[in-house]
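# Examination of the molecular architecture
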Amino acid sequence: MTTTLSSRGWLPKVSAASLAGAVLTMGLTGVVGCLSGSDSMPRSMSAQFLMWLAVLVWVALLGSCFLFRSGRQAWLVLTGANILVWGVNVLARAAVL
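Treat the numbers as computed from the prediction; the structure is a model and nothing was measured.

## Examining the nonpolar core
Most often, soluble globular proteins have nonpolar side chains that are buried together. Counting nine residues, the largest nonpolar core consists of Ala 16, Ala 20, Leu 24, Val 31, Leu 61, Phe 68, Ala 74, Leu 78 and Val 85. Within the residue set of this core, elements represented by two or more residues are helix 1 (10–36) and helix 3 (71–96). Not counting the four nearest positions on each side in its chain, Ala 16 is found in contact with Gly 21, Ala 74, Trp 75 and Leu 78.

This is the structure we're talking about:
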């Protein structure tokens, strides 16, 4: 089975990566920050790492959003990933406190 990639439906894919991807990126940053014991000092090395990690993850999501077959699939997958990541975030914060 051969799958051909097309630029059809690029707006829903990009909007999914932009909006749901931004929320997913913040959730992943929160999980990594909580598990690594990051403090709230903006000039600390851990805070800088998390800041640049967020940029890399979001750019990766924006670049890979065109690999979805449709905008609907992009929204469904990224929304499911958001639910999973934010659930892990809540559990990680509860475990740390």
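## A short note on a nonpolar patch on the surface
A surface patch of nonpolar side chains, about 400 Å² in accessible area, is lined by Met 51, Trp 52, Val 55 and Val 59. Looking at the element boundaries, Trp 52 is found in helix 2 (residues 45–64).

## Focus: the side chain of Asn 82
Its location among the elements puts Asn 82 in helix 3. The class of Asn 82 is buried, set by a relative accessible area of 10%.

## Some details on the environment of Val 57
Relative to the helices and strands, Val 57 is located in helix 2. Sequence separation of Val 57 and Ala 22 is 35 residues, and the distance between their C-alpha atoms is 9.0 Å. Ignoring anything within four residues of it in the chain, the contact list for Val 57 reads Thr 25 and Leu 28.

## Describing the packing of helix 1 against helix 3
Packing of helix 1 against helix 3 leaves a shortest axis separation of 9 Å and a crossing angle of 15°. Considering their axes alone, helix 1 and helix 3 lie roughly parallel with respect to each other. Of the two elements, helix 1 crosses helix 3, and the hand of that crossing is left-handed.

## Let's talk about helix 2
The first and last C-alpha atoms of helix 2 sit 28 Å apart over 20 residues, in line with the 28 Å expected at 1.5 Å per residue. Within helix 2 the residues assigned to the buried category are Ala 47, Leu 50, Ala 54 and Leu 61. Taken end-on, helix 2 shows its buried residues confined to a sector of 55°, consistent with a single buried face. Every exposed residue of helix 2 that faces more than 90 degrees away from the buried side is listed here: Met 45, Trp 52, Leu 56, Val 59 and Gly 63. Tucked inside the fold, the buried residues of helix 2 contact helix 1 and helix 3.

## Quick word on helix 3
Across its 26 residues, helix 3 extends 37 Å between first and last C-alpha, which sits within 8% of the 38 Å expected from 1.5 Å per residue. Along helix 3, the residues that are buried comprise Gly 71, Ala 74, Leu 78, Asn 82, Val 85, Asn 89 and Ala 92. Contacts from the buried residues of helix 3 go to helix 1 and helix 2.

What counts and how
Residues numbered from 1 in each chain as written. Predicted model: local features only at pLDDT ≥ 70, side-chain atom pairs only at ≥ 80, totals over all residues. Heavy atoms only, no water. Core = buried A, V, L, I, M, F, W, Y, C linked by side-chain atoms within 4.5 Å. Buried < 20%, exposed > 50% of the residue type's maximum accessible area, 1.4 Å probe, protein only. Helix = DSSP H or I, 4+ residues; strand = E, 2+ residues; numbered from the N terminus. Contact = heavy atoms within 4.5 Å. Patch = residues over 30% accessible without salt bridge, like charges linked within 9 Å, V, L, I, M, F, W, Y side chains within 5 Å. Areas by Shrake-Rupley, 256 points an atom, 1.4 Å probe, with all protein chains shown as cover. Salt bridge = Lys/Arg side-chain N within 4 Å of Asp/Glu carboxyl O. Axes fitted to C-alpha atoms, helices over the stretch in contact; angles between N-to-C directions. Parallel < 35°, antiparallel > 145°, perpendicular 65-115°, else oblique. Left-handed = near helix turned anticlockwise from the far one by under 90°. Expected span 1.5 Å × (residues − 1). Arc of directions from axis to C-beta.

So far we have only geometry, and geometry alone does not tell us how the molecule works.
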